[in-house]
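# A closer look at the structure
Letter by letter, the chains look like this.
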Amino acid sequence: MTETKTPNESAVRQKDRPWIFRTYAGHSTAKASNELYRKNLEKGQTGLSIAFDLPTQTGYDSDHVLARGEVGKVGVPVSHLGDMRTLFDQIPLDRMNTSMTINATAAWLMSLYIAAAQEQGVSPEKLQGTTQNDLMKEYLSRGTYIFPPDASMRLTTDIITYTYKEVPKWNPTNICSYHLQEAGATPVQELAFALANAVAVLDAVKASGVVPDEDFPRLVGRISFFVNSGIRFITEICKMRAFVDLWDEICQHRYGVEDPKFRRFRYGVQVNSLGLTEQQPENNVYRILIEMLGVVMSKDARARAVQLPAWNEALGLPRPWDQQWSLRIQQIVAMETDLLEFGDIFTGSKEIEARVEQLKEEAREELRRIDEMGGAVAAIDSSYMKRKLVESNTERLQMIEAGDQVVVGVNAYQETEPSPLAAGSDGGILTVPESVEADQIAALNAWRNGRNDRDVKAALEAVRAAAQEGTNIMPSSIAAAKAGVTTGEWGGILRDVFGEYRAPTGVGGAARPDNGEDIIRVREAVEKTSEQLGRRLKFLVGKPGLDGHSNGAEQIAVRARDCGMEVVYEGIRLTPAQIVNAALEEGVHVVGLSILSGSHVPLVKDVMDRMRRSGLADVPVVVGGIIPPEDEAVLKAAGVSRVYTPKDFQLTDIMADIVAVVQSGTEKAA
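Residues numbered from 1 in each chain as written. Predicted model: local features only at pLDDT ≥ 70, side-chain atom pairs only at ≥ 80, totals over all residues. Heavy atoms only, no water.

Between its first and last C-alpha, helix α13 (residues 320-335) extends 22 Å over 16 residues, near the 22 Å set by a 1.5 Å rise per residue. Those residues of α13 lying buried are D322, Q323, S326, L327, I329, Q330, Q331, V333 and A334. Summarising the contacts, the buried residues of α13 are in contact with β1 (20-22), β2 (24-25), α2 (30-42), α12 (284-296) and β10 (305-307). (Helix = DSSP H or I, 4+ residues; strand = E, 2+ residues; numbered from the N terminus. Expected span 1.5 Å × (residues − 1). Buried < 20%, exposed > 50% of the residue type's maximum accessible area, 1.4 Å probe, protein only. Contact = heavy atoms within 4.5 Å.)

As structure tokens, then:
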């Protein structure tokens, strides 16, 4: 006989504390972002996750030439202490858990945060939160690196060795596997590459000799991770359980950490944005929920903080209502269900245990391979890691194209009713007014005019001295923040000392694993067009501006090469002038621009104007990115031949279309 439960039974059973509820947010200006944060906190969000714009992430002020079109687009611009002060106005930092997604300029933004807290009367030892501060994954996936790996590792360790004493509740680095999965990593690669990055960081800290042996376990206990959770629900649960076990092994056997609490795998998560679709975007709500369950259902491997994307991120910048919807998903699972009332429901499952052991063994083998190369830094410098990610992403896309990996609404069940969610004059997304950039630059100039130049110069010289002498960068950076130094000035000093770095693209060694009929047909068209041109069809793939999301551009470059084109791809962060100069020097027949940061209109128009002035008006330009329909019309009116968005997932079809564009131009010229 089944026992009848009373409606109030769940009230008797003690519930675990829920994870921290976050949404990843920031846009336009510090003032607008502050208003958004305060509204989200009023709605029940329990922590902040700050998105910075690309100039801030890459160490430029808002008026730098590379910042054009990028100000306030993918996050909030923070150029100085005044911006940080405004960003956290009326938000008590002694009671806030703040995650800052920042890497190359992490030491600077952390310094600004500490200075802003001290202005509130909050001492650093009371601050709680996280700086991402993981440069290793920037070379592999996200692309907001500035300095060479050795210099970047130095800055990472400076933050760690400073905060473990001065800001003891802070997580100084968040080893980030999230972007690895976004770049196409398999579960094994996500496990191995992230753990290899963590080992590289801890080895560097230990080698610095700054941290006494007796303090090292406590420092290890402050290391946290930021992971991804994809749609393969069971595998994601197993991956997280494997992360827990493997990290425990590494901490105990490599670093001799005996206290289990310092070996705990502490992680936050944002679920997969790579799998969100432009087609039938309402389906993304279910994807987001299922992916979240992969990191909260297993109690022994449960996330400590969760931030969810919005259903419409494949369309553009989410509105506050869209972010609220994602917050409500978390609250319903944590507070309305009985999930937090039970122990780990997967313990003892033979299926789960077998899959976990398989993932662990394959990840250990990959870790051994990386260790034999000399560790994560060497595996990055040799392009091994990057090449493996490009290959995995190529295979993933091929499976979607072939229909072997079903994506509902994309390659299956494509029929649909119009979505009322995306209707209306705003197209279902938030747009950043063009006036934001000009206003931010005007405010930046006013800040510069209002400070003491002598104090600024002295502070910058102190930062330079610390960088050159090898002393910890944090104390001089905090002093510089208080003196009024800007993000671009701080970044400029370190560029002078450390130099800049361009990471391997990983494109050269990657290849499509077969020669299907679709590829053969396009190759034949390329051969025919090349004969008409008198030489091999040459395609320049360029990424103007500061957008470091190179996954799409890499796959286009790989597929174009496999279709028989000669490909020019020089990686990320190029100015329009550099792209046009490359088109001129290389004598290309078509230019492809990839932009996902929302800066497509000003950057593409700049490229088109420069091409006309350089005598390249007859060279067709195609553009790919997250581009709303109204912007597509603007780009085509400016002379762009084709616009491709995430709905155009058949890469070989794109190649055939690009060849047709070149053929059409050749026939007109003849």
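Moving on, we come to the environment of L195. As for its placement among the helices and strands, L195 is situated in helix α9 (residues 187-208). Between the C-alpha atom of L195 and that of T163, which follows or precedes it by 32 residues, the distance is 22 Å.

Within the largest apolar cluster, 168 residues are counted, with the highest numbers of intra-cluster contacts made by F225, W247, M385 and L494. For this core, the element with the highest residue contribution is α9, accounting for 13 residues. Once you skip the residues sitting within four places of it in the chain, L494 turns out to touch F147, L155, V463, A467, I473 and G499. Listed in part, the 25 residues of the second largest apolar core include V580, V604, I627 and L635. (Core = buried A, V, L, I, M, F, W, Y, C linked by side-chain atoms within 4.5 Å.)

Spatial strand order, β12-β11-β13-β14-β15: 5 strands in an open sheet with parallel pairing. Two strands lie at the open edges of the sheet, namely β12 (566-569) and β15 (642-644), each paired on one side alone. Ignoring strand direction, the axes of neighbouring strands in this sheet form an average angle of 20°. This element, helix α23 (residues 576-586), spans β11 (538-542), β12 and β13 (590-595) of the sheet and lies at about 165° to β11. (Pairing = 2+ DSSP bridges. Axes fitted to C-alpha atoms, helices over the stretch in contact; angles between N-to-C directions.)

The 5 strands lie next to each other as β1-β10-β9-β8-β7, forming an open sheet whose pairing is parallel. The sheet is open, and its two borders are formed by β1 and β7 (174-176), each paired with just one other strand. Going from strand to strand, the sheet's axes swing by 25° on average, the running direction of each strand aside. Where β1 meets β10, 3 bridges bridge the pair, whose relative direction is parallel. Following the sheet pairing, F21 is matched in β10 by V306. Those strands touched by α13 are β1 and β10, and its axis lies near 160° from that of β1.

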